[in-house]
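# Working through the structure, step by step
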Amino acid sequence: METLAAVLLLALLVYALYRHSARIADFIGATGTTIIVRLSAFLLFCIGIQVFWNGAAELLGRLPFGTTGTG
């Protein structure tokens, strides 16, 4: 039940922020908007690197290293 409440609260928060995004952008100004956009892009980049790193580690962990195939 708590999970459903958290999901609904988060959905309402995202909706409210998107609904009032123009007003928020006017409030924080051009510099604030630029900072938030760059920070968001950096966080998305970091998440992408983490996904890549986890996938590469999983792939490399499954490769057979050092086998000659004559065994």
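Counting its regular elements, the protein chain contains two helices and zero strands. Rg of the C-alpha trace for the protein chain: 22 Å, well past the compact-globule value of 11 Å for 71 residues, more than 25% over. Seen through its principal axes, the protein chain has C-alpha atoms that stretch 70 × 40 × 15 Å. Per-residue burial over the protein chain gives 1% buried out of 71 residues. For the protein chain, the accessible area works out to roughly 6,800 Å², and carbon and sulfur atoms hold 73% of it.

Taken together, the side chains of Leu 10, Leu 13, Val 14, Leu 17, Tyr 18, Ile 24, Phe 27, Ile 28 and Ile 36 make up a nonpolar region of the molecular surface, amounting to roughly 930 Å² of accessible area. Of all the secondary structure elements, the ones that give two or more residues to the nonpolar patch are helix H1 (2-19) and helix H2 (21-62). Structurally, the position occupied by Ile 28 is in helix H2.

Attention now moves to the pattern of salt bridges. Tallied over the entire structure, the rule returns one salt bridge. With its nearest N and O atoms 2.8 Å apart, the salt bridge here joins Arg 62 to Glu 58. Remark: Glu 58 and Arg 62 occur in helix H2; sequence separation between them is four residues, near one turn of the helix. We classify Arg 62 as exposed; its relative accessible area is 64%.

Rules behind the numbers
- Residues numbered from 1 in each chain as written.
- Predicted model: local features only at pLDDT ≥ 70, side-chain atom pairs only at ≥ 80, totals over all residues.
- Heavy atoms only, no water.
- Helix = DSSP H or I, 4+ residues; strand = E, 2+ residues; numbered from the N terminus.
- Rg over C-alpha atoms; globule rule 2.2 N^0.38 Å.
- Buried < 20%, exposed > 50% of the residue type's maximum accessible area, 1.4 Å probe, protein only.
- Areas by Shrake-Rupley, 256 points an atom, 1.4 Å probe, with all protein chains shown as cover.
- Patch = residues over 30% accessible without salt bridge, like charges linked within 9 Å, V, L, I, M, F, W, Y side chains within 5 Å.
- Salt bridge = Lys/Arg side-chain N within 4 Å of Asp/Glu carboxyl O.

Just geometry here; none of it tells us what the structure is for.
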